[in-house]
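# Residue-level structural notes
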Amino acid sequence: MNRAVEETNRRMLRARDAMDRDYAEPLDVPALAQIAHVSPRHFIRVFRATFGETPHRYLQRRRVERAMFLLRSCDRSVTEICMEVGFTSLGTFSRTFREIVGESPSDYRRRGPLPEVPTCFAMAWMRPRG
Amino acid sequence: MFTSINISQIYVLDQDEALDFYVGKLGLEVNTDADLGFMRWLTVQVPGRPDRAILLEKPGPPRLDEATADQVRELLTKGAMGGSLFFTTDDCRKTYETLLAKGVEFTDELTERDYGTDCGLRDPFGNSIRFTQLSSAG
């Protein structure tokens, strides 16, 4: 029983890692389910049971986190950053960003540059709640 | 007061599988593999660096009761135990390509960062491993 849980956890983690790595790609449920070696039907439910949120929400918050990082560490435009992190529409990006972060991308950028820490820790800790 | 880090610890689900991965694939060396009766003391090191060993510990009794060990294994496989190893390398691209050729799956592909070039992967159990070639400025 426990072995089965561990195996499932590890597979879900593999799919979550794929979102952390390939967040800029158009990832969909069938592709992620394949990475996790489960059926698309089960994937959303099992992922949520494992990590407490749906894969869609996880990916959305990962993309917003990467956008937050870029806004404060480079001077590319908001539109460029929006596309770079995997959003395909500036409208959706701005709305999602504001909903999750509580302020607009431009306002967030005004907070100024971020201190340097290893990217893996920044990605793990700075992905916003929501 | 202190002079160095001598031994660090991470949890693994299976010590033989850990040896296959850490020594067989990543190319670390066994520092000590000793049956203490109550536990298998298994440490590995970067080749030629016995001063910094990593203990590959299997969670279980008598140190942890079975129920607690189950919780540790569950967190480990969710990537939530926090086990991390950061290795430095002189040539991150070569490290990446060598490991890729051995069939290692990367979670972070080779990337240029402010502090240097790095890539990352997970061990078979859920710990995160990172290889970094620090830039001279970093």
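Look a little higher up for the structure.
Everything numeric here is computed off the predicted structure, so don't read it as measured data.

## Focus: the overall build of chain A
Counting its secondary structure elements, chain A contains 8 helices and 0 strands. Listing each helix as α and each strand as β along chain A from the N terminus yields α-α-α-α-α-α-α-α. Dimensions along the principal axes, computed over C-alpha positions, put chain A at roughly 50 × 30 × 20 Å. Surface summary for chain A: the accessible area is close to 7,100 Å², and the carbon and sulfur share equals 53%. Computed over 23 positive and 16 negative side-chain charges, the inter-centroid distance for chain A is 5 Å.

## Concerning the sheet that holds strand E3 (residues 40-45) of chain B
All names here are of chain B. With mixed pairing, 4 strands are arranged side by side in an open sheet as E1-E4-E3-E2. The open sheet has two edge strands, strand E1 (7-11) and strand E2 (29-35), and neither has a second partner. Averaged over neighbouring strand pairs, the angle between their axes works out to 25° when direction is ignored. Its contacts with the sheet put helix H1 (residues 15-25) on E1, E2, E3 and strand E4 (53-57), and the angle it makes with E3 is roughly 10°.

Here is what the cut-offs are and how they apply
Residues numbered from 1 in each chain as written. Chains lettered and ligands numbered in written order. Predicted model: local features only at pLDDT ≥ 70, side-chain atom pairs only at ≥ 80, totals over all residues. Heavy atoms only, no water. Helix = DSSP H or I, 4+ residues; strand = E, 2+ residues; numbered from the N terminus. Areas by Shrake-Rupley, 256 points an atom, 1.4 Å probe, with all protein chains shown as cover. Lys, Arg positive; Asp, Glu negative; His and termini not counted. Charge placed at Lys NZ, Arg CZ, Asp CG, Glu CD. Pairing = 2+ DSSP bridges. Axes fitted to C-alpha atoms, helices over the stretch in contact; angles between N-to-C directions. Contact = heavy atoms within 4.5 Å.

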